[in-house]
Amino acid sequence: MTETMQLGDMLRRRGISRRALLKYASYMASLMALPPSVAGAMAEGLAKARRQAVIWLSFQECTGCTESLTRSFSPSLEELIFDFISLDYHHTLQAASGEAAEAARRQSMRENQSKYLVVVDGSVPTADGGVYSMIAGRTNMDVLAETVEHAAAVIAVGTCASFGGLPEADPNPTGAVPITKLVTGKPVINIPGCPPLPQAMAGTLTHFLSFGTLPELDALHRPRAFFGETIHDRCYRRSFYERGLFAKSFDDDGARQGWCLYELGCKGPVTYNACASLKWNGAVSFPIQSGHGCIGCSEPRFWDRGGLYKPLSAGTADVRKLIGIAAVAGVALGAGAAALARQRRASTSATEQ
Amino acid sequence: MEELTGTAAAAARFDVGSGVAEALLRQVARLLEALARDPGFADVIDLRSLPMHDADRASLRERLGNGEIDASFDLVGKTRITETACAGVWWVRHANSDDCAVLEQIVVARVPALLLAHPADIEGAARRLATELGAPTHRETIHD
């Protein structure tokens, strides 16, 4: 719905002072690796903005992205974003249902034409005319096309919407595709992760609200602020990696001393995300800190990259793309190449049948 | 200093402590000099993104010491602003509802921006107070 009051005034009525807004902006600026001096400008921008209309479309998804952002165990600064936006359509969070919900979506599109943001979680199936995911009697493809037509921008949250994720994993029976494959002519941001960090989602929305622009993106349309570095770059166990101190199996002596998890399949070196610095569940921990290697969940096709527990040096060939093995430190690849050849033959014979 | 456990202890054993605390202290000294020359100067060092062990952070905090001011306010978690033993150097710590630090900064300024009352808030308060005082329950004059 249209909101004519500025955010600054609206928040003050709810007991959130401009000082509090500055705290929020300082937090967001820090998250997005913006210079701390930007916090003031960000807070001013937010205060002058009007509530941003957001339509959240959910397709082939598990609702994990929403769970990550809304956190059910304790309130977080990220959740303040719900005060700054007008979430006009969201399957899990909206009060309306059925025809009333669809009507709310269309009304928001009408009243906020060319100004509303579309957030999408879940991939979109395209096989057999897209029948494998239908909502309110219409295919996802249909609803997506209709909704993005007059949007300002599209934000694909989660690895499913960004890169296809689990539905797109081998053998991809529903013909699932990422949002970028279906949306042209509109700016699309990918915020991958399975699920994505809540800070990444809230931070990107805040950036758009305060500055009216999308943050800097990399080649895969991911905001550089959160996806500019690998897990490996910020891992607190990096010093053990550098010294060649690796855990050989879960819970062995090395593991108990917090040694590097490379040999247990950690995909940290090839995974771009901010988990190592921002951590999860209110900065409590993240997979590596809990003793489990990174599974690379914010990268394309991570489900098919050779297995969660095989070390990177053993090869992470995507059997469908048949690309080369990622060799690290010149490890001999004889066994890996033979395995790949076997996989190639198996894959070829499967497609020929 | 309290005994280190787990990975921090392992790190200490293998001598992987960084010189980050020392380097930061030098940076703070440089900024403080700038502040001494120009009272309007202000700068912030964000500690979140730096590769610091908890031991590093604790040592830095210890070396900076405690000053006279200790302020806090709550917005979805407590923010604590403490003046260090060095006048003009402040330690700002935002915590979430579980008291885990989500943001930690060293601010070098006469006073951190967060402590200042915002002009828009002042305006609102002035209006409210004027309205409140402008509607007395009974007429007051010097003859009462």
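So, here's what we can say about the structure. What you are looking at is a predicted structure, and each value in this text was computed from that prediction instead of being measured. (Residues numbered from 1 in each chain as written. Chains lettered and ligands numbered in written order. Predicted model: local features only at pLDDT ≥ 70, side-chain atom pairs only at ≥ 80, totals over all residues. Heavy atoms only, no water.)

**Some thoughts on the pairing of strand 2 (residues 85-89) of chain A**
Taken residue by residue, a regular strand's side chains alternate between the two faces of the sheet.
All names here are of chain A.
Moving on, step 1. Of all five residues in strand 2, four are buried; the element is thus mostly enclosed.
Moving on, step 2. Where strand 1 (residues 52-58) and strand 2 come together, four bridges link them in parallel fashion. Its bridge partner being in strand 2, Val-54 is matched across the sheet by Leu-87. (Buried < 20%, exposed > 50% of the residue type's maximum accessible area, 1.4 Å probe, protein only. Helix = DSSP H or I, 4+ residues; strand = E, 2+ residues; numbered from the N terminus. Pairing = 2+ DSSP bridges.)

**Here we look at the packing of aromatic side chains**
Residues and elements named next belong to chain A.
Moving on, step 1. Per the stated rule, a full pass over the model turns up seven aromatic pairs over all chains.
Moving on, step 2. Look at Tyr-24 and Phe-84: their rings are 4.9 Å apart centre to centre, the planes differ by 75°, and that puts the pair in the edge-to-face class. Here Tyr-24, found in helix 2 (residues 18-31), pairs with Phe-84, found in helix 5 (residues 81-84); they are 60 residues apart in sequence, far enough to count as distant. With respect to burial, Tyr-24 and Phe-84 carry one shared label: buried.
Moving on, step 3. Here Phe-250 and Tyr-309 contribute two aromatic rings whose centre-to-centre distance is 6.0 Å and whose plane-to-plane angle is 85°, an arrangement assigned as edge-to-face. Separated by 59 residues along the polypeptide, Phe-250 in the loop between helix 13 (238-242) and helix 14 (253-256) and Tyr-309 in the loop between helix 15 (275-278) and helix 16 (334-352) bring together distant segments of the chain.
Moving on, step 4. For Phe-250, a relative accessible area of 43% corresponds to the partly exposed category.
Moving on, step 5. By relative accessible area, Tyr-309 is classed as partly exposed at 46%.
Moving on, step 6. Among the aromatic residues, those joined into a cluster by ring pairs are Tyr-241, Phe-246 and Tyr-262. (Phe/Tyr/Trp six-rings, centres within 6.5 Å; stacked < 30°, edge-to-face > 60°.)

**Quick look at the sheet that holds strand 2 (residues 70-74) of chain B**
Residues and elements named next belong to chain B.
Moving on, step 1. Read from one edge to the other, the open sheet built from five strands follows the order 1-5-4-3-2, with strand pairing classed as antiparallel. Each having just a single partner strand, strand 1 (42-46) and strand 2 make up the two edges of the open sheet. Here the average twist between neighbouring strands, direction ignored, is 20°.
Moving on, step 2. Sheet topology note: the strand 3 (residues 78-83)/strand 4 (residues 89-95) ladder contains five bridges and is antiparallel. Looking across to strand 4, one finds that Glu-83 is bridged to Trp-90.
Moving on, step 3. Along the sheet, helix 3 (residues 54-64) makes contact with strand 3, strand 4 and strand 5 (101-109), crossing strand 4 at roughly 140°. (Axes fitted to C-alpha atoms, helices over the stretch in contact; angles between N-to-C directions. Contact = heavy atoms within 4.5 Å.)

These values are about where atoms sit, not about what they do.
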